[in-house]
Amino acid sequence: MPAHLTLHDTLTRSDREVSPLDGKTLRFYCCGPTVYGPAHIGNFRTFVAQDVMRRVVEASGTPTLHVRNITDVDDKTIRDSLKAGQSLIEFTQGWTAKFHADCDALNLLRPHIEPSAVAHIPHQIAMIEKLIANGHAYAAADGSVYFRVSSYKDYGKLSHLEDRELRLGASEAASATDSDEYTKDSLTDFALWKARKSEDGENFWPSPWGEGRPGWHLECSAMILEYLGEDFDLHSGGVDLIFPHHENEIAQSCCSTHGKFAHHWMHVAHLMVDGGKMSKSIGNLYTLEDLAKRGYSAAEVRYVLISGHYSAPLNFTMHSLDSARQALQKLAKADKALDRGSALLPTNPGPFAEAWETLLKDLNIPGALGAIFGTLNKLKPAALTSDEAASTRGGLHFMLLALGVTLPPVAEDSTTEVPADIQALAQQRWDAKQAKDWAKADILRKELDAAGWIIKDSKDGFVVLAK
RNA sequence: GGCGAGGUAGCAAAGUGGUAAUGCACUGGUCUGCAAAACCGGUAUGCGCGGGUUCAAUUCCCGCCCUCGCCUCCA
């Protein structure tokens, strides 16, 4: 299975083939979560898109090295840990565990390396020292260290922001009134090291510039250098990270090493809710737990999250979850019809070549899903011979593995236990039906329906299913 | 104001210089006592608006309108 995945590259604004620099392993980095609360489904849209990217690369025969950090030291983690009366470590470990549980529920492959920012402070300090030595950074009077943006001519290359536009940024006014920003030489300079403040509590570390803590942007640069080196294949995150986060990472890394840093940039567009942006104040910010309370599984959430192209905003609604549930059922039924008992061999796309080709073209997941259904509709699973069914099922599962889609049990195979009284009512209805007492049978069926149960008749009997 | 993304059927969402995948919903038929399920069909003369190029545009070009994101620590 040749690797031909192409992805849009934010830096060059073109679709480029994704292939490993070393010819063997695709090494990539994803900006991970800030662990100060449960991640919401918008966060997960990005992680799911990255997961499918990885799965597709691996399915095409190229191993990967997936690095995703945990941001466990920043304003929010410090603020909220103090509020919770916990140590920073204790606090962030709790939320990291929750994040992992959610990731597992969403069928996200665990990164091969998941570095923690607090565990890499020496690496960060080393990088700052290099930047100061190179003339790209300076220590301010208060003990903070800043990156001198004017010292790096390519600054703004990724986000395509000109120097002039940076200065005229809308937030300039807000920054200028921030007292601790006075120490910077230029408003566009950003912090590499933040001097200890009283509101940080006990969360500070020693450094050549005094006690303090690392800046957010630097954490990623330092960990990338440690695990992926000066040059690596691909860097990914949400679109909102393009500026300033990724722009700053490029500046820090390229000014402290001789490498080019990431050779490919993949950015995932935002998830919208009911046509607008998610926000706590509107009350449309959902976590997996919120949706579980409404009866939706993580697999259904995942399906919704992959139902739009990663580069375009995706509108999330409750109806889209219902739609996902039905679509998954349809796939599960097709799978069941294809299962004639032979061993499952998901080694190639088989008859789903069109879906696979589509997927390789800038990770067109919705297009691929459409092609999968289109192929199934054409093939008519139930009509295939055993051999055809086996190869079709292998192909189907090859695609499902690449997409990370897990099939639910087919509704009629549901293991939900039917209460004795319901079963008794259903039996009464069957008896009435056999006696051709349609009126009584219909009344009983309505009763069952009202109680949340559906009857499915066949020639020889009936089954009771939860609604 | 600058930069970027997007506007395709009731909802969601692919795609293409030659006449619109797919999922949900809806709907006709077969089946059924009637249903449900399953199976077989149907459903955008139309792709934000107005021009232009072309034999042909939803797809290319120009202008406009609307939505969303970013503009110093938000996936």
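What you see is a predicted model; the values in this text were computed from it and never measured.

Trainee: Is there a simple way to explain the sheet that holds strand β4 (residues 64-68) in this structure?
Mentor: Strand-to-strand pairing in sheets goes through backbone hydrogen bonds, with the strands running parallel or antiparallel. Strand order in the open sheet formed by four strands is β4-β3-β10-β12, and the pairing between neighbours is parallel. In this open sheet, the two edge strands, each paired with only one partner strand, are β4 and β12 (265-268). Here the strands of the sheet are splayed against their neighbours by 20° on average, with no regard to which way each runs. Here four bridges tie strand β10 (residues 234-238) to β12, and the two strands are oriented parallel to one another. Within the sheet, the bridge partner assigned to S236 lies in β12 and is M266.

Trainee: Would you mind going over the domain arrangement of chain A with me for this structure?
Mentor: It is common to give the size of an interface as the accessible area that goes away when the parts come together. According to the domain assignment, chain A contains domain 1 (6-268), domain 2 (271-412) and domain 3 (416-466). Placing a centre on the C-alpha atoms of domain 2 and another on those of domain 3 gives a separation of 33 Å.

Trainee: So what exactly am I meant to see when it comes to unusual backbone geometry here?
Mentor: Peptide bonds are mostly trans, and most non-glycine residues show a negative phi. In this chain, F243 is followed by P244 through a cis amide linkage whose omega measures 5°. Note that P244 resides in helix α8 (residues 242-256). Positive phi outside glycine occurs at K436, with the angle close to 60°. As for its placement among the helices and strands, K436 is situated in the loop between α15 (420-434) and α16 (438-450). Taking the relative accessible area as the measure of exposure, K436 reaches 59% and is therefore exposed.

Trainee: Looking at this model, I keep getting lost on α16. Mind explaining?
Mentor: One full turn of an α-helix is made of 3.6 residues, so residues set three or four places apart face in the same direction. The end-to-end C-alpha distance of α16 is 18 Å, a good match for the 18 Å that 13 residues give at a rise of 1.5 Å each. A441, L444 and L448 are the residues of α16 that are buried. Buried residues in α16, looked at end-on, bunch into an arc of 70°, giving them a common side. With respect to the buried face of α16, the exposed residues turned more than 90 degrees away are A439, I443, K446 and A450. Those residues of α16 that are buried are in contact with α15 and β16 (453-457). Count one or two residues on from α16 and you reach G452, which has phi positive near 100°.

Trainee: Any chance you could explain the pattern of salt bridges here in plain terms?
Mentor: Between side chains of opposite charge, a pair can form when the charged atoms approach closely. In the structure shown here, the tally under the stated rule is 23 salt bridges. For D51, the salt bridge is made with R302, and the minimal N-O distance between the two is 2.8 Å. Within this pair, whereas D51 is found in helix α1 (residues 41-59), its partner R302 is found in helix α10 (residues 298-305), the two being separated by 251 residues in sequence. The class for D51 is buried, based on a relative accessible area of 2%. Judged by relative accessible area, R302 falls into the buried class, the value being 2%. With a closest N to O distance of 2.5 Å, R213 and D75 form a salt bridge. Here R213, found in strand β8 (residues 212-214), pairs with D75, found in helix α2 (residues 75-84); they are 138 residues apart in sequence, far enough to count as distant. The structure contains a network of salt bridges with shared partners spanning D75, K194, D200 and R213.

Basis of the calculations
Residues numbered from 1 in each chain as written. Chains lettered and ligands numbered in written order. Predicted model: local features only at pLDDT ≥ 70, side-chain atom pairs only at ≥ 80, totals over all residues. Heavy atoms only, no water. Pairing = 2+ DSSP bridges. Helix = DSSP H or I, 4+ residues; strand = E, 2+ residues; numbered from the N terminus. Axes fitted to C-alpha atoms, helices over the stretch in contact; angles between N-to-C directions. Domains from an automatic or database assignment. Buried < 20%, exposed > 50% of the residue type's maximum accessible area, 1.4 Å probe, protein only. Expected span 1.5 Å × (residues − 1). Arc of directions from axis to C-beta. Contact = heavy atoms within 4.5 Å. Salt bridge = Lys/Arg side-chain N within 4 Å of Asp/Glu carboxyl O.

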